[in-house]
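If you want the building blocks of each chain, they are given just below.
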Amino acid sequence: MPEDRINSYMAGPDENGRFGIFGGRFVSETLMPLILDLEAEYEHAKTDPTFWAEMDDLWTHYVGRPSPLYHAERLSEHLGGARIYMKRDELNHTGAHKINNVLGQIILARRMGKTRIIAETGAGQHGVATATVCAKFGLKCIVYMGAHDVERQAPNVFRMRLLGADVVPVTSGRGTLKDAMNDALRDWVTNVRDTFYCIGTVAGPHPYPAMVRDFQSIIGKEVRTQIMDREGRLPDTLVAAIGGGSNAMGLFFPFLDDKDVRIIGVEAGGKGVDDRMEHCASLTGGRPGVLHGNRTYLLQDADGQILEGFSISAGLDYPGIGPEHSWLHDVGRAEYVSITDKEALEAFQLSCALEGIIPALEPCHALAHVMKIAPGLPKDHLIVMNMCGRGDKDIFTVAKHLGVDVRA
Ligand SMILES: *Cc1c(COP(=O)(O)O)cnc(C)c1O
């Protein structure tokens, strides 16, 4: 580790992929060579200017980066406290932050000579981003999806198929996202030679959590430059919603060593974080365990069975959280809170009414927390929240909860 990075929150993970006691690589022996191969390729790409030149070009011309940093003036005024900025990652191609990371992994896959990309998806958004980039490069794309999710997320399944992906409904286990993750790992072991496994959040075995974080860090890097331009100083508070935690890590990471910047991750509290477990708050309502190749906080019952979780927002129902968040939580560098479905719906409506922005239900969790803290903060307090997805996909869910019939 270089001298200047000792005592840095940005130094991790260690050579075993651990963030404190979290992370690591809990995979079968057969997977190890693939993972070591990927790690070596990524370590090389990380410092290779031609890799980043290709990323920058596509981020600019295909994704539409940099995304704006927008001063939400009417919202700030309405809440009567802090000055609120929204990082507009919902304006990216495909409508969310996921493509930032997918591009990175697929450029890596191409450098490794892989022609077949596999992914797993719950709500379908990572599947759509992966299918999109595969279409762009003419790569074969296979997306594993729990059978139940295939039914619930029909529009995203159709999108993936339009984009040329092969969507495989998973019926093993209970047919959930967790079972789809297992099937994807099995596929990878069986198709070692030509296949690349593209993970959609800061989870999985090392090096995925660090690699996905690095790709998503474009969000926080842009925010640093943009807020210096607008305000001449760093923000006071950062807020982002957490499913697996990739958009949040992307915003937080470049600020981890700025001790005066308060960092808040917002989990999906569903119907409330209590014993009924009708929520997806892995950190605020779960316990450490091992899933998806790493140790982290998980939603589990008394016997260690992984629970499915519940949220109005399908994109937040990952049963765990990235290991780096578990570590940031335990060492106290970041705070984690939860927001209920009801509070997220209120935030959704406020963003529409005051800012003309229809947000995805995921970032509504971040916004709802901003609504709680902003009124008590001074007018010169700068909050940046990540508007990580747009709401077109969610309007029918919202209509149902508001008791509105929108059928033609
Ligand atoms: C997938 C998704 C999330 C959750 O994933 P993270 O890895 O926690 O960012 C949040 N918001 C949107 C819009 C998503 O598509």
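So, on to the sheet that holds strand 13 (residues 335-340). As summarised here, the arrangement of the six strands in space is 3-4-14-9-10-13, forming an open sheet in which the pairing is mixed. A single partner strand is all that each edge strand has here, and the edge strands are strand 3 (69-71) and strand 13. Strand-to-strand, the axes of this sheet are offset by a mean angle of 25°, without reference to chain direction. Packing against the sheet, helix 10 (residues 218-231) makes contact with strand 3, strand 4 (83-87) and strand 14 (382-386), and its axis sits at approximately 140° to strand 4. Contacting strand 4, strand 9 (237-242), strand 10 (262-270), strand 13 and strand 14, helix 15 (residues 361-373) crosses the sheet at an angle of about 145° to strand 9.

So, on to the site of the ligand. As a matter of local geometry, the ligand sits amid 15 residues, with Lys98, Gln125, Thr201, Gly245 and Ser246 nearest to it. Take Gly245: an N or O atom from its main chain is 2.7 Å from an oxygen atom of the ligand. One of the side-chain N or O atoms of Asn247 is found 2.9 Å from an oxygen atom in the ligand. Burial of the ligand by the protein amounts to 97% of the accessible area it has alone, namely 380 Å². Residues that form the shell around the ligand fall into these classes: three nonpolar, ten polar and two charged. Split by domain, the residues of the shell around the ligand number at least three in each of domain 1 (19-60 + 98-212) and domain 2 (65-95 + 217-402).

With respect to the helices, strands and loops of the structure, Ala368 is situated in helix 15. Once the C-alpha coordinates of Ala368 and Leu345 are considered, the two residues, 23 residues apart in sequence, prove to be 8.5 Å apart. Discounting residues that sit within four places of it in the chain, Ala368 has contacts with Ile339, Glu343, Ala344 and Ala347.

We now examine the domain arrangement of the protein. As far as domains go, the protein holds domain 1 (19-60 + 98-212) and domain 2 (65-95 + 217-402). Counting from both sides, the interface comprises 34 residues of domain 1 and, opposite them, 37 residues of domain 2. Taken together, domain 1 and domain 2 are joined by zero salt bridges. Linking domain 1 to domain 2 there are eleven residue pairs in polar contact (both at pLDDT 80 or more). Contributions of two or more residues to the side of domain 1 that touches domain 2 are made by strand 2 (22-23), helix 2 (49-63), helix 4 (98-111), helix 5 (125-137), helix 8 (177-190) and helix 9 (208-216). Ranked by the residues each element gives to the side of domain 1 that touches domain 2, the list is headed by helix 8, at three residues. Here the residues of the side of domain 1 that touches domain 2 are counted per class, giving 17 nonpolar, twelve polar and five charged.

What counts, and where the lines are drawn
Here the residue index of a chain counts from 1 through its sequence in written order. With the structure being a predicted model, the display of local features is reserved for residues of pLDDT at least 70 and the display and counting of side-chain atom pairs for 80 or more, all residues being used for whole-chain, interface and lining totals. Derived side-chain values reflect all non-hydrogen atoms in the structure, with water molecules and hydrogen atoms excluded from consideration. Note on pairing: two strands pair once DSSP finds at least 2 bridges between them. To qualify as a helix, a DSSP run of H or I must reach at least 4 residues; to qualify as a strand, a run of E must reach at least 2; elements of each kind are numbered from the N terminus. For helices, the fitted axis covers only the stretch in contact; all axes are lines through C-alpha atoms, and the angles between them, taken along N-to-C directions, range from 0 to 180 degrees. Only heavy atoms enter the contact rule, under which two residues are in contact if any of them lie within 4.5 Å. The cutoff for a nearby residue is simple: one of its non-hydrogen atoms must lie within 4 Å of the molecule or strand. Nitrogen and oxygen atoms within 3.5 Å of one another constitute a polar contact, given that in protein one can donate a hydrogen and the other can accept it, and given that sequence-neighbouring residues count only through two side-chain atoms. Surface exposure here means Shrake-Rupley accessible area, sampled with a 1.4 Å probe, where a residue is shielded only by the protein chains that are shown. Classification convention: Asp, Glu, Lys, Arg as charged; Ala, Val, Leu, Ile, Met, Phe, Trp, Tyr, Cys, Pro as nonpolar; all other residues, Gly among them, as polar. Domain boundaries shown here were taken from an automatic or database domain assignment. Should a side-chain nitrogen of Lys or Arg be within 4 Å of a carboxyl oxygen of Asp or Glu, the pair is scored as a salt bridge.

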